[in-house]
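# Fold and geometry: a report
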Amino acid sequence: MNAVTRAEVAVTACSDLFRGQADILASPAGVVPTIGVRLALLTHAPDLMISDGESTILGDVPAVDRPSTTPAGYLPYRELFELITTGRRHVVMGGAQIDRFGNQNLSAIGEHARPTRQLLGTRAAATNTVNHATSYWIPRHSRRNFVENVDYVTGIGTDRARAAGTAARFHRLHQVVTNLGVLDFSGPDSSMALVSLHPGVTLEEIQAATGFPLHSAGPVSTTRLPDERELHLIREVLDPRNRREQEVPS
Amino acid sequence: MTSKVLDAEAVIEQFTDGMTIGIGGWGSRRKPMSLVRALVRSGVRDLTIVSFGGPDVGILCATGQAKRVVYGFVTLDSIAIEPHFAAARQAGAVEAVELDESLLVSGLRAAGRRLPFEATRSGLGADALAGNPHIRTVTSPYDDGEVLVAMPAIPLDLALVHLNRADELGNAQCLGPDPYFDDLFARAAARTIVSAEAVVTTAELTRNAHPSTLLLNRTMVDHVVESPLGAHFTSCLPDYGRDEAFQREYAQSASSPDAWQTFRARYLDLDDAAYRANLAGVR
């Protein structure tokens, strides 16, 4: 079998985001997290629920670039928003910027009244982060997206949640998976800390790609490789046309 | 009973300067594009546009008619960034009231229910709240004492929505995968105009479809316009999908003032019949 690629390590790390979770909607954004969630479903988390990201809950686990053939439920946006308020969801969002407390910016770069670059807008990031578990997927870890301060807060970080008081008690930032490693919010004052480096990545490399000092408590571990069954599922079942490689080139 | 059917050209008389107009659909899906073109031809200005934004917002920014946009996002779906909206934002040409999607829903729902606000957790700690002095918090009067967002109602002067079918009384049907929030727009508005792929008899609406597909009843609708291809180039399933080639042409029109003028002359400054004729000419 060919050597495990960086994209395959990232897929496995995204799968591991969902360890121990059942009967929640797993909502991944991006190719790698989508494969990761489906890998979790086919291995350690068979009771996750997934949707097509539009209005249908899936009753099957198709390849990442193939449509579902078995609908298992109806989930138009209005029902999705109701589900979000019950907390029974774990989202993996992207972000143009993220800071050490996990504040995310999907909206615009620069001054908000007249941005230098308009992006998508807030979407439901504020609602997601204050209601249920949130993880992030950043496919190109760099100082452009890991910044000291985000220009506009869409999804809220641990500091903002703390300041919002008890009404924000369902806020839970889980982990950030990138093309270089895995991070969580176990650092001082619930700031970002290094969990593991992907094989071949050095501490110096990930720190150089991050616009703030990365905390780590003791020796940093290496992100695990997919086992043989996982590798088979990724390569032959979930992503046989290698879409993952476009998001994380080797 | 009284027919609410309006001729497509008579729609123009419904628009006035300074209106707050809510536009149904979502991104580049089931947008009332025929009604948006009528809005362009009317030439009215200083509009506040409330939308889960797509090319409706982009076009009204490009024509300079939108003074303020109230939105949770603006996207063309298959093209992530709406280029005309982005250009207007980056030029400081339009006032942005950026909300979380769910805050926008709360504001419309409160307006429809004739309430001053809706309590929600959405927006706590986020800049949609911190950056908007018009949104305040409210303290729960119960023992929990939670401080929640009091999303103010977003009352609309006018709502524009496009659905698959309607009858002439103003009952309207959604046969597609998602009603989005079109009913909330209709309820939040003083007046609602529905365009539909086809205007049929009331009996015909449910001949092959469950009554639960009837999204709007006639208490929510003031005018009905028959407009085949009325959501083009956005999707209107199951009648048609998004016209991706046309959408690319639209996006390209943001590349220069000349490109925009060409697009506008060919596809905006004309009535529905001429629009469909121009489409037929190139496809």
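### Observations regarding helix α2 (residues 31-42) of chain A
Residue and element names in this part refer to chain A. Here α2 contains twelve residues, and its C-alpha end-to-end distance of 17 Å stays within 8% of the 16 Å for a straight helix at 1.5 Å per residue. With ten of twelve residues buried, α2 lies mostly within the body of the structure. Restricting attention to buried positions, one finds in α2 the residues Val32, Pro33, Thr34, Ile35, Gly36, Val37, Arg38, Leu39, Ala40 and Leu41.

### Looking at the sheet that holds strand β7 (residues 147-152) of chain B
Residue and element names in this part refer to chain B. As summarised here, the arrangement of the three strands in space is β5-β7-β6, forming an open sheet in which the pairing is antiparallel. Looking at strand neighbours, the two that pair on one side only are β5 (117-120) and β6 (136-139), the edges of this open sheet. Strand-to-strand twist of the sheet, defined as the mean angle between neighbouring strand axes without regard to direction, takes the value 40 degrees. In this sheet, β7 lies alongside β5 in antiparallel orientation, the contact comprising four bridges. Across the sheet, residue Thr120 finds its bridge partner in β7, namely Val149. In this fold helix α4 (residues 101-112) packs onto β5 and β7, with an angle of close to 140 degrees to the strand it touches most, β5.

### What to know about the interface of chain B and chain A
Facing the 42 residues of chain B at the interface are 39 residues of chain A. It is Arg89, Arg121 and Asp127 of chain B in chain B that bury the most area against chain A; as a group they hold 18% of the surface buried on that side. Put simply, chain B and chain A have five salt bridges between them. The closest approach of N and O atoms between Asp183 of chain B and Arg78 of chain A, which form a salt bridge, is 2.7 Å. Summed over the shared surface of chain B and chain A, the number is 29 residue pairs in polar contact (both at pLDDT 80 or more). Contributions of two or more residues to the side of chain B that touches chain A are made by β3 (66-74), α3 (83-90), α4, α5 (127-130), β7 and α6 (182-188) of chain B.

### Digging into the pairing of strand β1 (residues 20-23) of chain B
Residue and element names in this part refer to chain B. Alternating positions in β1 separate into two faces, Thr20 and Gly22 on one and Ile21 and Ile23 on the other, with burial throughout. Pairing of β1 with strand β2 (residues 47-53) involves four bridges; the strand directions are parallel. By the bridge assignment for β2, Ile23 is matched with Ser51. Note on the crossover from β1 through helix α1 (residues 33-42) to β2: the handedness is right-handed. Sheet topology places β1 next to strand β8 (residues 156-166); three bridges connect them, and they run parallel. Following the sheet pairing, Ile21 is matched in β8 by Leu158.

### Some thoughts on the confidence of the model for chain B
Residue and element names in this part refer to chain B. Per-residue confidence for chain B gives a mean pLDDT of 97; residues scoring 70 or more make up 99%. Of all the helices and strands in chain B, helix α10 (residues 272-282) carries the lowest mean pLDDT, 85, while β1 carries the highest, 99. Per the prediction output, this complex has pTM 0.97; the corresponding ipTM is 0.96.

### Focus on the pairing of strand β4 (residues 89-93) of chain A
Residues and elements named next belong to chain A. Within β4, five of the five residues are buried, which leaves it mostly tucked inside the rest of the structure. Residue alternation in β4 divides its side chains into two sets, Arg89, Val91 and Met93 and His90 and Val92, and both sets are buried. One ladder, built from four bridges, connects strand β1 (residues 25-28) with β4; its direction is parallel. Within β4, the position partnered with Leu25 by the bridge is Arg89.

### Side note on the sheet that holds β1 of chain A
Strand pairing in a sheet relies on backbone hydrogen bonds. The paired strands run either parallel or antiparallel. All names here are of chain A. Strand order in this open sheet of seven strands is β1-β4-β9-β10-β11-β12-β13, and the pairing throughout is mixed. Edge positions in the open sheet fall to β1 and β13 (221-222), since each of these has one partner strand only. Strand direction decides the pairing type here: strand β10 (residues 172-178) and strand β11 (residues 181-184), joined by three bridges, are antiparallel. Counted as the bridge partner of Val176 is Leu183 from β11. Lying on the sheet, helix α1 (residues 6-16) is in contact with β9 (133-138), β10 and β11; it crosses β10 at an angle near 170 degrees.

Conventions and cut-offs
Residues numbered from 1 in each chain as written. Chains lettered and ligands numbered in written order. Predicted model: local features only at pLDDT ≥ 70, side-chain atom pairs only at ≥ 80, totals over all residues. Heavy atoms only, no water. Helix = DSSP H or I, 4+ residues; strand = E, 2+ residues; numbered from the N terminus. Expected span 1.5 Å × (residues − 1). Buried < 20%, exposed > 50% of the residue type's maximum accessible area, 1.4 Å probe, protein only. Pairing = 2+ DSSP bridges. Axes fitted to C-alpha atoms, helices over the stretch in contact; angles between N-to-C directions. Contact = heavy atoms within 4.5 Å. Buried area = accessible area lost by both parts, 1.4 Å probe. Salt bridge = Lys/Arg side-chain N within 4 Å of Asp/Glu carboxyl O. Polar contact = N/O pair within 3.5 Å; in protein donor to acceptor, adjacent residues only side chain to side chain. Right-handed = clockwise from strand over helix to strand, strands pointing away. pLDDT = per-residue confidence, 0-100.

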